[in-house]
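Architecture at a glance
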Amino acid sequence: MATYPPPEDFAKRAHVQGMEACRALYDRAKERPEEFWGELAEQELFWFEKWSHVLEWNPPFAKWFAGGKINASYNCLDRHLTTPRKNKAALIWEGEPGDQRILTYQELYRLVCRFANVLKARGFQAGDRAIIYMPMIPELPVAMLACARLGITHSVVFGGFSAEALKARIQDLSAGVVITADGGWRRGKEVKLKPAVDEALADCPSVRDVIVHRRTGSDTPMQAGRDWWWHELEQNASETCPAEPLDSEHPLFVLYTSGTTGKPKGIQHATGGYLLQITATMKWVFDLKEEDTYWCTADIGWVTGHSYIVYGPLAAGATSLMYEGAPDTPQPDRFWRIIEKYRVNIFYTSPTAIRAFIRQGDQWPNRHDMSSLRLLGSVGEPINPSAWEWYYKVIGKERCPIVDTWWQTETGSILISPMPGAVPAKPGSATLPLPGIVPDVVDLNGNPVGVDREGFLIIRRPWPCMLRTLCGDPKRYEENYWSRIPGNYLTGDAARRDADGYYWILGRVDDVMNVSGHRLSTMELESALVRHPAVAEAAVVGKPHEITGQAVCAFVTLKRGDWNHDELGEDLRKWVAHEIGGFAKPEQIRFTDSLPKTRSGKIMRRLLREIVTSNTVAGDVTTLEDLGVLTALASQQDEE
Ligand code: WT7
């Protein structure tokens, strides 16, 4: 198998040079974790008051830097203003229509202070919760940083989520304020957001205020006494607003993600530990230098955008690029155009995007001068070796190392990834754990499976950036992550470790799918489908997909009635978009008379997965499948 050592030029200038330096960091962190993180926390972050303990570990509850006082907004803004970064670009933003804004640290600070004063004037303060439902515009990080400044815990809801999904999140969080926009631009069309907020708020008594930023200028009904235009509230707001010294463990944000039940989990992150590890990984993984222009293409509605567009890059004093729209608008070379235009040096995207680029053809990237690139990253799902090779050759011109970064919403920061100036890459492997991370691959009893064997990926020790709990549900937190293999964090991924200690992530082993790097829960989709009046039962599985990694395939049994399957199939897809969001729409709906079940009544998704993978049962959307025979056969095996 081919390995790719770090290009010499790159290694010579990297923050971490060579395997020896990498090992030394790793060993130190493993042997003396508290000393290691404590020193780093002093170097990398500004504290109003120092902590009393680096770590308090009452499994499974961790406190990092307890007693320390810190503010994320201050670390991302204020502390840079007394350095040459004051007038450095913090955010370079390009809207889909081609509009552009460049905000220096000083300017971003001004905007954040003004908006924080708006929130303050509306009566919001530390301990309150805000929902942010916005397009990819600079006001989104402004809103996050303004909340962080005051200690208001924010929860960003991806703009692709429907009113129903938004409502569930507002209710779960009991948010007092919703920060949104009229809409944003995607594929040349306006995607309206405010109507979804209006629909959601019919059932959200906790919300006192809705603050609406004007992005598209389209007609937007406002409810008097509840809805306020951002620019109007801001008119008289002062341009300074002190950052609240908050406890290191103060919840910075909650981000909802799909779990194995119908109800999304509110992953709750703290402040000090979170900031520390994302800042450290900006150097270890992205090898960030002062002069770099760094671009992560994720949406801020997901954790990647939180950690690696907003908090990580800004805390590290980087220039972070943000793009509002679709990669293929107006043409399939939009990303390459942006790289050329802004001379992007570090580019971080997803395997799904890479596979889509491959399909569009090399002529699109080849048209552009991308010689500014020096490092490439990948995240969200396993990257297949052929996509890796293409990325390396066609985009990186064999000059740029690739960092395949493994992590999760729960882990907060990258945990397994090469350090690009040190660790030789093997296409398809996320390579080695980062300093302070102690993973293992084990069987169900927690015993290591040994070299090259498949098993469950676990993390043996707490790390600063880890989730602290599930919002309002510490019991589920404990059961979900820490009880199956007691004392260890269960990732939900299968993995294999090779003789060099490299990790190969094999995908989810729970009822979670990964579609285009977006996490979807089979249970959540199934619950959405059975809420439809025609549906009796539903079983959802992931089907391998050339571009998106997996695609949603739903098996559905119907209630009595005379149904037109073509129409109903389309109707159900729309229904899922309504209940969850457009990105969750099943690619395939397959109607069947019965679902394969064990004698105890559990749906055998394993069998359905086989069917969609090998296509042993020919399926188009309209056939009623008789799974009875298969069921009888397979249920015998399953009960044994
Ligand atoms: C799941 C987490 C954290 C960023 C975005 C996704 C899969 C993530 C990789 C990778 C193989 C990966 C895992 C993980 N995943 N990165 N480099 N190689 N798989 O966050 O929605 O919380 O999903 O994404 O299955 O458990 P998420």
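Let me begin by describing the structure that accompanies this report. (Residues numbered from 1 in each chain as written. Predicted model: local features only at pLDDT ≥ 70, side-chain atom pairs only at ≥ 80, totals over all residues. Heavy atoms only, no water.)

1. Structural notes on the overall build of the protein
For clarity, the threshold we go by: To qualify as a helix, a DSSP run of H or I must reach at least 4 residues; to qualify as a strand, a run of E must reach at least 2; elements of each kind are numbered from the N terminus. Atoms counted for the radius of gyration: C-alpha only. Globule rule: 2.2 Å times the number of residues to the power 0.38. Three exposure classes are used, based on accessible area relative to the maximum for each residue type with a 1.4 Å probe and protein chains only: buried under 20%, partly exposed in between, and exposed over 50%. For this analysis, residues touch if any pair of their heavy atoms sits within 4.5 Å. Only the protein chains shown count as cover for residues, and all accessible areas are computed by the Shrake-Rupley method using a 1.4 Å probe. Under the convention used here, Asp and Glu are negative, Lys and Arg are positive, and both His and the chain ends fall outside the count. To locate a charge, take atom NZ for lysine, CZ for arginine, CG for aspartate or CD for glutamate.
The helix and strand tally for the protein stands at 20 helices and 31 strands. Taken against the 2.2 N^0.38 rule, which gives 26 Å for 640 residues, the C-alpha radius of gyration of the protein at 24 Å falls within 12% of a compact globule. Counting every position in the protein, which comprises 640 residues, the buried fraction comes to 61%. The long-range share in the protein, meaning contacts at least 24 apart out of those at least 6 apart in sequence, stands at 71%. A total accessible area of about 24,200 Å² is found for the protein, and carbon and sulfur atoms account for 49% of it. Taken together, the 72 basic and 82 acidic charged side chains of the protein have centroids lying 2 Å from each other.

2. What about the site of the ligand?
Operational definition: For this purpose, a residue is taken to be near a molecule or strand whenever a single non-hydrogen atom of the residue falls within 4 Å of it. Polar contacts, as counted here, are pairs of nitrogen or oxygen atoms within 3.5 Å of one another; within protein the pair requires one atom able to donate a hydrogen and one able to accept it, and residues that are adjacent in sequence qualify only if both atoms are side-chain atoms.
Around the ligand, the structure places 17 residues, and the nearest of them are Asp404, Thr405, Thr409, Asp493 and Arg519. Here an oxygen atom of the ligand sits 2.9 Å away from a polar atom, N or O, in the side chain of glutamine 408. Contact between the ligand and aspartate 493: an oxygen atom at 2.7 Å from a side-chain N or O atom of the residue. Expressed as a share of its isolated accessible area of 550 Å², the protein-covered part of the ligand is 96%.

3. Considerations on the sheet that holds strand β17 (residues 319-323)
Worth spelling out the cut-off: Pairing between two strands is assigned when DSSP locates at least 2 bridges connecting them. In this analysis an axis means a line fitted to C-alpha atoms, helices contributing only their contacting stretch, and an angle means the value between N-to-C directions, from 0 to 180 degrees.
Spatially, the seven strands line up as an open sheet ordered β5-β4-β17-β16-β18-β19-β20, and their pairing is mixed. The open sheet is flanked by β5 (100-104) and β20 (402-405), the only strands paired with a single partner. Direction aside, neighbouring strands of the sheet carry axes that sit 20° apart on average. Sheet topology places strand β4 (residues 89-94) next to β5; five bridges connect them, and they run antiparallel. The residue of β5 that forms the bridge with isoleucine 92 is isoleucine 102.

4. Digging into the packing of helix α3 (residues 33-44) against helix α10 (residues 272-284)
Cut-off, in case you're wondering: When describing relative orientation, an angle under 35 degrees is termed roughly parallel and one over 145 degrees roughly antiparallel, while 65 to 115 degrees is termed roughly perpendicular and anything else oblique. Any residue outside Ala, Val, Leu, Ile, Met, Phe, Trp, Tyr, Cys, Pro, Asp, Glu, Lys and Arg is labelled polar, Gly included; the first ten of those are nonpolar and the last four are charged.
Axis separation between α3 and α10 bottoms out at 10 Å; the angle between their running directions is 85°. Looking at the two axes, α3 sits roughly perpendicular to α10. Residue-level contacts link Phe36, Trp37, Leu40, Ala41 and Glu44 of α3 to Leu276, Gln277, Thr279, Ala280, Lys283 and Trp284 of α10. A breakdown of the residues in the contact of α3 with α10 according to their chemical character gives seven nonpolar, two polar and two charged.

5. Remarks on the pattern of salt bridges
The test is simple: Put simply, a salt bridge is a Lys or Arg side-chain nitrogen that is within 4 Å of an Asp or Glu carboxyl oxygen.
What the rule picks out here adds up to 49 salt bridges. Here glutamate 239 ties to arginine 114 by a salt bridge, and the two come within 3.7 Å at their closest N and O atoms. Here the residue glutamate 239 occupies a position in the loop between α9 (230-234) and β13 (246-247), and arginine 114 occupies one in helix α5 (residues 105-121), the gap between them amounting to 125 residues. Given the relative accessible area of 33%, glutamate 239 is considered partly exposed. Looking at arginine 114, the relative accessible area reads 15%, which means it is buried. Across the pair aspartate 203 and lysine 167 runs a salt bridge whose closest N-O atoms are separated by 3.3 Å. On the criterion of sequence distance, the pair formed by aspartate 203 in the loop between α8 (194-201) and β11 (209-213) and lysine 167 in helix α7 (residues 163-173) is long-range, its members being 36 residues apart. If you follow the salt bridges from partner to partner, you end up with Glu107, Arg110, Arg114, Glu234 and Glu239 in one network.

6. So, the pairing of strand β28 (residues 535-545)
Relative to strand β29 (residues 549-558), β28 is paired through 10 bridges, and the arrangement is antiparallel. Looking at the pairing, lysine 543 lines up with alanine 551 of β29.

7. Observations regarding the environment of serine 378
Tracing the backbone shows serine 378 in strand β19 (residues 375-379). In this structure, the C-alpha to C-alpha distance between serine 378 and glycine 160, residues 218 residues apart in sequence, is 22 Å. Leave out the neighbours within four places in its chain, and serine 378 touches Tyr348, Thr349, Pro351, Ile383, Val403, Asp404 and Thr405.

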